[in-house]
There are 2 protein chains.
Amino acid sequence: METKNILIKNSIILNPNENTVESFKGDLLIENDKIIEIAKTNQSSISTKGIEKVIDGENKILMPGLINTHTHISMNLFRGLADDLALDEWLNNHIWPTEAGLNGEYCYTGALSALVEMIKSGTTTFNDMYFFMEDVAKAVDESGIRGCLSHGMIDFGDQEKRENEFKENINLIKNCNGMGEGRIKTFFGPHATSTASKDLLERVRHEADKYKVGIHIHMSETKNEVNTIMEQAKKRPFEYLEDLGFLKDDVIAAHGVWVSKEEMDIIKKRDVKISHNPCSNMKLSSGIAPIQEMISKSICVGIGTDGAASNNNLDMFEEMKFASLLQKVSTLNPQALNSNQTIQMATINGAKALNLNKEIGSIEENKKADIILIDANSINLTPISDLISSNLVYAANGSNVNTTICNGKILMENRKLSILDENKIIKKANIAIKELKQL
Amino acid sequence: METKNILIKNSIILNPNENTVESFKGDLLIENDKIIEIAKTNQSSISTKGIEKVIDGENKILMPGLINTHTHISMNLFRGLADDLALDEWLNNHIWPTEAGLNGEYCYTGALSALVEMIKSGTTTFNDMYFFMEDVAKAVDESGIRGCLSHGMIDFGDQEKRENEFKENINLIKNCNGMGEGRIKTFFGPHATSTASKDLLERVRHEADKYKVGIHIHMSETKNEVNTIMEQAKKRPFEYLEDLGFLKDDVIAAHGVWVSKEEMDIIKKRDVKISHNPCSNMKLSSGIAPIQEMISKSICVGIGTDGAASNNNLDMFEEMKFASLLQKVSTLNPQALNSNQTIQMATINGAKALNLNKEIGSIEENKKADIILIDANSINLTPISDLISSNLVYAANGSNVNTTICNGKILMENRKLSILDENKIIKKANIAIKELKQL
């Protein structure tokens, strides 16, 4: 399966950068883990000589692999476990009791199932927070995709719990940072301001600086959560963290639904990154995040699917459509979050949000070869629009992805996986949830 | 391709009725155009003897073909033509100038492209309003699916235009009602209260009674439209139509975004049907229809995708997810529009909305065999949830449909079309829009 170099010929190359999304017809050469040459078709002098693998890119859109900036991949086991419930009932009677039976093996299986789903729908990088993360790292290592992993740290003010959480997250950092030829990065994962104490949050800041890793946290997802912090700290959540000295440019905050204008100023000032999760926010009735306003203030916003239990899939194409359409209807402005901006969120801005934008998020020479090919000759993408982003955001879904390449390795070609065994993983996942429900 | 009888064995049968959605494992026998026998697997005595075609339904969900209650299928040519624009600019500078070049041949091509898309994403019945509808009827006849067709009647008060519109729509009724072994039904299609005069609307009511066909109209899609009627008639749109004697149980009103409580009472009293189009309403920033409230008043609501120019696809699975999630977030109630209710909207309620519920919309003996099979062994539907509707509404997309049967004929099996030529139609559609743009 090891291919040293890959040439993709004659595809429509879609390249998002921080200012715009450009597109042109061209050839792209991969060597080892990197893009080493890009040329417009008419000007291309890339030779097929000595190339081990040539992919015909005709009628295919070549773009950066999508970046899912907030999820809990092992929760793929909990897809459809319970829906249409108030948050309390959902958590207390369904999610938490089932989570109590989790172990490393189950989390590994859930992770594999999510990794197959992501590869098949064009995601090549994801940002995860959950439990048994060393088992998740093992799955990510095997899968070939890129993951940022953090342990979900919850202490509710209990010192023993807190110590244990730090042990877990620090072990993850020590054992897994840089695994999988550098595809795995580790973060600290303080769960939220309402579940992690002030002591935990302050120490996370200290340890993150020490270990030089980022911080992944849930922020202001529900109104209740904000009210809880306001009662406890007499401040809004981002103000509270600002006063703790917690906020820096290495923090990625998931959700950010209930955020005041003053908090947006703090977010901008500290260059905190936001992961927007529209499906989850809609399905759990959390609310509508003011993304258009954040973007107008030049806050860096990526897109996340959240876990499969609250979405209920990991399809970043679908998530892009939800993101754009939700901003349009909530602002009553059809120009809000246009298709190019949405593509930027799911690629280059997602990369920036994870401090990976020097490596991934766009189609540039010397960047990692994290690339997907979309079959433009699909009926739901017909006719081919002049503005490539339009069909991708408004008409496509993950099944339009034909080929997924990460770190220079082909993980799927013509919709067939090359590393993971899809059927075996589907069977394992179905057995795992049956066992978990019987515990 | 003519198969007299088809046996589908061992599938998970999902059967929506007006009260609930039931599911059980069973066998289903089709003869000619009808379902003639349904049996639970353990009690099944359906023999394979004399059966021409046996389909293995193991690990497949069998459900009614989806019913798209509002669309403009020839507009598939305009997918991605222009997006992210204010409604006026979109219509005046892009849609209308391109529509001006339309002819029967282009509308036929656009329709074929949409028919392929619908068959591939599990829709077996749609409700259409547009131009050159006899050409659309020809495409529907060839395709094998079921369509309700109306001519979009616009007079802006001009008598000559009005006469012409009646001629067009009445010709459609005379020439096409009952075509395609009864798969084609015709409706009157007065465009909207803001584009069709009082004279036109009154005569439509009269002619619809005379020809015994239904009426398909856009209603209260935007706030502007409601304001226009209120200025002209000093009444809200549904009150205006009520006073004209226009509203009966044969009227299907698309959108219904800006509807007052008093109007809902009228809708209920006259048993007017609503087609909810969440993607279009969100993408064009029209607003959020109060669907949860309508349903609580027992108003019959179906789901529609609207045309591909304002969605931009015809995937009813995606539309179901948008419908449910939009109600949840707009009411801040996670219990709003649960997955069973959403499935009902897209099947049995859609059938009722088109006055076809005696023939289609559920899995019952003696109903037409309009059936789709969904591959439950897909990674995005893993694990298989106890509540079948959950995975279908929240996790699936159209690509999970494996087999589409309409009127007892297999139109797609294992994702391969049996009647329409997908590649040829894709090529034709790409050429058609290129030509139209150059006119």
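Rules used in this analysis
- Residues numbered from 1 in each chain as written.
- Chains lettered and ligands numbered in written order.
- Predicted model: local features only at pLDDT ≥ 70, side-chain atom pairs only at ≥ 80, totals over all residues.
- Heavy atoms only, no water.
- Axes fitted to C-alpha atoms, helices over the stretch in contact; angles between N-to-C directions.
- Helix = DSSP H or I, 4+ residues; strand = E, 2+ residues; numbered from the N terminus.
- Parallel < 35°, antiparallel > 145°, perpendicular 65-115°, else oblique.
- Left-handed = near helix turned anticlockwise from the far one by under 90°.
- Contact = heavy atoms within 4.5 Å.
- Nonpolar A, V, L, I, M, F, W, Y, C, P; charged D, E, K, R; others polar.
- pLDDT = per-residue confidence, 0-100.
- Core = buried A, V, L, I, M, F, W, Y, C linked by side-chain atoms within 4.5 Å.
- Buried < 20%, exposed > 50% of the residue type's maximum accessible area, 1.4 Å probe, protein only.
- Least-squares fit on C-alpha atoms with pLDDT ≥ 70 in both.
- Expected span 1.5 Å × (residues − 1).
- Arc of directions from axis to C-beta.
- Polar contact = N/O pair within 3.5 Å; in protein donor to acceptor, adjacent residues only side chain to side chain.
- Pairing = 2+ DSSP bridges.

K.L.:
What should I look at first to understand the packing of helix H2 (residues 104-120) of chain A against helix H15 (residues 422-438) of chain A in this one?
P.N.:
A pair of packed helices can be characterised by two numbers: the angle between their axes and the separation between those axes. All names here are of chain A. Running from amino to carboxyl end, H2 crosses H15 at an angle of 140 degrees, the nearest separation of the two axes being 9 Å. Compared by their axis directions, H2 and H15 come out oblique. Between H2 and H15 lies a crossing whose hand is left-handed. Only Glu422, Ile425, Lys428, Ala429, Ala432, Glu435 and Leu436 of H15 make contact with H2, whose side of the interface consists of Glu105, Tyr106, Tyr108, Thr109, Leu112, Ser113, Val116 and Lys120. Looking at side-chain class alone, the contact of H2 with H15 contains eight nonpolar, two polar and five charged residues.

K.L.:
Explanation requested: the confidence of the model for chain A in the structure shown.
P.N.:
In low-pLDDT segments, the atomic positions of the prediction should not be examined closely. Here chain A averages 96 in pLDDT, and 100% of its residues register 70 or above. Under the prediction, the complex receives an ipTM of 0.98, its pTM being 0.98.

K.L.:
Please clarify how the nonpolar core should be interpreted in this entry.
P.N.:
For soluble globular proteins, the rule of thumb is that nonpolar side chains tend to be buried together. Ranked by size, the top nonpolar core spans 232 residues in total, and within it Phe78 of chain A together with Phe78 of chain B carry the most contacts. When sequence neighbours within four positions are dropped, the list of residues in contact with Phe78 of chain B reads Ile95, Thr98, Glu99, Leu102, Tyr130, Ala309, Ile433 and Leu436 of chain B. The next biggest cluster of nonpolar side chains, apart from the first, holds 16 residues, and it includes Leu28, Ile30, Ile363 and Ala369 of chain B.

K.L.:
Is there a simple way to think about the relation of the copies chain B and chain A in this case?
P.N.:
These two copies of the chain differ by a rotation about an axis and a displacement along the same axis. When chain B is fitted to chain A, the residual RMSD is 0.0 Å, and the transformation amounts to a turn of 180 degrees plus an axial shift of 0.0 Å. Here the two chains are linked by the operation of a two-fold rotation axis. Minimal C-alpha separation from the rotation axis in chain B is found for Ser399 of chain B, amounting to 3.2 Å. Comparing interface residues between copies, 100% of those in chain B also sit at the interface in chain A, which points to an isologous, same-surface contact.

K.L.:
Before we go on, may I ask you to explain helix H4 (residues 159-176) of chain B in this structure?
P.N.:
Three or four residues apart is the spacing at which side chains of an α-helix point the same way, because the helix has 3.6 residues per turn. Residue and element names in this part refer to chain B. Look at H4: 25 Å from first C-alpha to last across 18 residues, which is about the 26 Å you get at 1.5 Å a residue. When we look at burial in H4, the residues that qualify are Arg162, Glu165, Phe166, Asn169, Ile170, Leu172, Ile173 and Cys176. Down the axis of H4, the smallest arc covering the buried residues is 160 degrees, so these residues share one side. Turned more than 90 degrees from where H4 packs its buried face, Glu160, Lys167 and Lys174 sit exposed. Against the buried residues of H4 lie helix H3 (133-143), strand S8 (146-153), strand S9 (184-190) and helix H5 (198-211). Between the side-chain oxygen at the start of H4 and the backbone nitrogen of Glu160 there is a gap of 2.9 Å, and the oxygen is on Asp158. Among the residues trailing H4, Gly178 stands out with phi positive, at a value near 90 degrees.

K.L.:
What am I meant to see in the sheet that holds strand S7 (residues 123-130) of chain B here?
P.N.:
Whether parallel or antiparallel, the strands of a sheet pair through hydrogen bonds between backbone atoms. Residue and element names in this part refer to chain B. Pairing is parallel across the open sheet formed by eight strands, whose spatial order is S6-S7-S8-S9-S10-S11-S12-S13. Of all strands in the sheet, those bounded by a partner on one side alone are strand S6 (66-71) and strand S13 (301-303). Recorded for the sheet is a direction-independent mean angle of 25 degrees between the axes of neighbouring strands. Here H3 sits on the sheet in contact with S7, S8 and S9, set at roughly 170 degrees to S8.

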